[in-house]
Amino acid sequence: MSSPEDREFRLAFCKLHVLHHAAKGPIYGLWMLQELAEHGHLLSPGTLYPLLGRMERNGWLRSRSQGGTKERKNYRITPAGRRLLKQLRGEVEELYRELVLGEEPEHSNET
């Protein structure tokens, strides 16, 4: 990430991406780094792992350690994370319609 502005917005996209994939099945850090990189989000482990930790502390993800030489954490979405993802999908869809398609919502002038 090259600038503070770029970092600020990309982190929001990355969090959405994490929730999306965790809703499909368990994810882990290295795979998520590679998945995000495929979409142009180049994060360091020092950025992703704290992000995953915050998402877990907020109750959106739950981790379980997988044994082995290097213990790997698998993350799954929680019910709270699913509710959040559902809400955010609707908001992203609305934003897409406005930003990309140029569709403006009709607002009532009634007070």
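Structure shown above.
Model, not experiment: these values are computed from the prediction.

(A) Here's a closer look at the layout of surface pockets. The calculated volume of the largest pocket comes to roughly 200 Å³. In terms of lining residues, the largest pocket is bounded by Phe 13, Leu 16, His 17, His 41, Val 92, Leu 95, Tyr 96 and Leu 99. For the lining of the largest pocket, the elements supplying multiple residues, two or more each, are helix H1 (4-24) and helix H4 (79-99). Element by element, the count of residues in the lining of the largest pocket is highest for H4, at four residues. When grouped by side-chain class, the residues that make up the lining of the largest pocket number six nonpolar, two polar and no charged. By volume, the second largest pocket amounts to about 170 Å³.

(B) Fine view of the pattern of salt bridges. Counting across every chain of the model gives one salt bridge. For Glu 93, the salt bridge is made with Arg 97, and the minimal N-O distance between the two is 3.4 Å. Within this pair, Glu 93 and its partner Arg 97 are both found in helix H4, separated by four residues, close to a single helical turn.

(C) Geometry of the nonpolar core. Core analysis: the biggest nonpolar cluster contains 19 residues, and Val 18, Leu 19, Leu 43, Leu 48 and Leu 61 have the highest contact counts within it. When contributions to this core are tallied by element, the ones reaching two or more residues are H1, helix H2 (29-38), helix H3 (45-57), strand S2 (72-77) and H4. No other element matches the five residues that H1 contributes to this core. Apart from the residues within four sequence positions on either side, Leu 19 is in contact with Met 55, Trp 60, Leu 61, Ile 77, Gly 81, Leu 84 and Leu 85.

Definitions and limits used
Residues numbered from 1 in each chain as written. Predicted model: local features only at pLDDT ≥ 70, side-chain atom pairs only at ≥ 80, totals over all residues. Heavy atoms only, no water. 1 Å grid on protein atoms, 1.4 Å probe; cavity = no way out; pocket = protein on both sides within 12 Å on 5 of 7 lines; lining within 4 Å. Points joined across faces, edges and corners; volume = space filled by probe spheres on them. Helix = DSSP H or I, 4+ residues; strand = E, 2+ residues; numbered from the N terminus. Nonpolar A, V, L, I, M, F, W, Y, C, P; charged D, E, K, R; others polar. Salt bridge = Lys/Arg side-chain N within 4 Å of Asp/Glu carboxyl O. Core = buried A, V, L, I, M, F, W, Y, C linked by side-chain atoms within 4.5 Å. Buried < 20%, exposed > 50% of the residue type's maximum accessible area, 1.4 Å probe, protein only. Contact = heavy atoms within 4.5 Å.

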